[in-house]
Amino acid sequence: VNQTNQDWFLYVVDNNESQDDKECFYKLANKFGFKNFEFISNNENCGISKGNNQGIKKSLEYDFKYTLLLNNDIYFDEKCLEFSIDFAEKNKVDALVPKIYYAGTNKIWMAGGKLSKLKGTTYHRGELEIDNGQYDKTEITEYAPTCYMLINNDIFREIGLMDEIYFVYYDDTDFVFRMNKKGYKITYLPQVLVHHMVSFSTGGGESDFSIYQGNKNRVIFIKKNFSFLFKIIALTFFYLTRILKLFNYDLKKKKILLKALYDGFYIK
């Protein structure tokens with residue numbers, strides 16, 4: 001609401017069974033006189049891919065030039081949208097991502113990233129480092145998550161939407177991989193700064209939910225996108241490292257991990 005650029009429309013996709021979120025949002029909208037929005041209530045948790053797709057479809061339907069994907073566990077200052085749009089327009093970028101901090105700190109969560117085809121996973125540049133300006137260069141990055149990503153809608157028209165097989169985790173990896181394959185570039189713009197409450201919505205990286213979804217979807221991503229050689233290498237590395245994980249888990253987490261590995265391999 002307080003962005004210096006006001007040329008935008010907000011689609012709020014609510015994956016909550018309760019109606020409390022909707023009532024709370026409308027109260028806030030009325031309080032601040034905010035009208036440029038549509039609230040989409042699913043009455044159940046449909047997953048992040050389907051939720052994103054609902055907003056993307058609306059953006060495409062109304063022929064907007066860009067879609068800005070936003071997670072519900074981030075916050076940023078009033079100039080972020082202005083900087084993002086101005087840079088995208090002046091430089092004709094395909095997609096744009098910010099520098100991202102762990103919320104409330106100056107510790108980096110993401111300052112660009114890489115995707116390893118040998119391991120079938122992604123890496124955040126600068127993760128856990130204190131920001132001393134070491135990643136303040138605007139540049140192309142191979143990978144970035146979609147918790148704040150400005151995307152030219154022509155990309156969706158060519159490569160399609162988010163793959164809804166991923167309930168959460170690896171949905172953005174899959175999308176970025178397809179972008180790279182088609183030659184689209186992601187620009188890392190460090191002047192835009194976002195704070196992220198990491199894994200706030202999923203209970204943390206080692207919650208039962210995260211263990212299941214993260215491991216299952218990593219297998220699905222490798223199977224779907226890699227050539228035969230890289231598929232064998234990445235799956236071999238992954239399953240060997242999961243064996244080590246099993247030794248560190250209690251019985252309940254062991255069962256969850258084994259189910260994730262099985263489901264990921266056999267889900268079509």
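If you're wondering where the values come from, they're calculated on a predicted model, not measured in any experiment. (Residues numbered from 1 in each chain as written. Predicted model: local features only at pLDDT ≥ 70, side-chain atom pairs only at ≥ 80, totals over all residues. Heavy atoms only, no water.)

A. Representation of the side chain of N53. By the element assignment, N53 lies in helix α2 (residues 48-61). On the accessibility criterion, N53 (2% relative accessible area) is buried. Looking at N53, its side chain comes within polar contact range of the main-chain oxygen of M162, at 2.8 Å. Contacts of N53, omitting those with residues within four sequence positions, involve L161, M162 and E164. (Helix = DSSP H or I, 4+ residues; strand = E, 2+ residues; numbered from the N terminus. Buried < 20%, exposed > 50% of the residue type's maximum accessible area, 1.4 Å probe, protein only. Polar contact = N/O pair within 3.5 Å; in protein donor to acceptor, adjacent residues only side chain to side chain. Contact = heavy atoms within 4.5 Å.)

B. View of the nonpolar core. One finds M149, I151, F175 and M179 to be the most contacted residues of the largest nonpolar core, which totals 46 residues. In contact with F175, not counting residues within four places along its chain, are I151, I155, F156, I159, G160, L161 and M162. Judged by nonpolar contacts, the second largest core, of 20 residues, contains F177, V219, I220 and I222. (Core = buried A, V, L, I, M, F, W, Y, C linked by side-chain atoms within 4.5 Å.)

C. View of the packing of aromatic side chains. Scanning all chains against the criterion turns up 18 aromatic pairs. Residues F265 and Y266 carry aromatic rings whose centres are separated by 5.3 Å and whose planes lie at 75 degrees to one another, so their mutual orientation is edge-to-face. Joined through ring pairs, the aromatic side chains of W8, F25, Y26, F34, F37 and F39 make up one cluster. Its guanidinium or amino end placed over the ring of F230, K117 lies 4.5 Å from that ring's centre, counting from NZ or CZ. Lying across the ring of F265, K223 places its NZ or CZ 5.6 Å from the centre. (Phe/Tyr/Trp six-rings, centres within 6.5 Å; stacked < 30°, edge-to-face > 60°. Lys NZ or Arg CZ within 6 Å of the ring centre and 35° of its normal.)

D. Spatial organisation of the pattern of salt bridges. As enumerated under the stated definition, the model contains 14 salt bridges in all. For D154, the salt bridge identified is with R157, shortest N-O distance 2.8 Å. Remark: R157 and D154 occur in helix α4 (residues 153-159); sequence separation between them is three residues, near one turn of the helix. The partly exposed category is assigned to R157, whose relative accessible area is 44%. Between D263 and K259 there is a salt bridge; the shortest N-O distance is 3.0 Å. Remark: K259 and D263 occur in helix α8 (residues 251-266); sequence separation between them is four residues, near one turn of the helix. On the accessibility criterion, D263 (13% relative accessible area) is buried. Residue classification places K259 among the partly exposed positions, given a relative accessible area of 47%. Through salt bridges that share partners, D163, D174, R178 and K224 make up one connected network. (Salt bridge = Lys/Arg side-chain N within 4 Å of Asp/Glu carboxyl O.)

E. Representation of the packing of helix α6 (residues 208-225) against helix α7 (residues 228-248) within the structure. With their axes 9 Å apart at the nearest point, α6 and α7 run at an angle of 165 degrees to one another. With respect to their mutual orientation, α6 and α7 come out roughly antiparallel. Crossing handedness for the pair α6 and α7: left-handed. Contact with α6, carried on its side by N215, R218, V219, I222 and K223, involves K231, A234, L235, F237, F238, Y239 and R242 of α7 and no other residues of that element. Counted by class, the contact of α6 with α7 contains seven nonpolar, one polar and four charged residues. (Axes fitted to C-alpha atoms, helices over the stretch in contact; angles between N-to-C directions. Parallel < 35°, antiparallel > 145°, perpendicular 65-115°, else oblique. Left-handed = near helix turned anticlockwise from the far one by under 90°. Nonpolar A, V, L, I, M, F, W, Y, C, P; charged D, E, K, R; others polar.)

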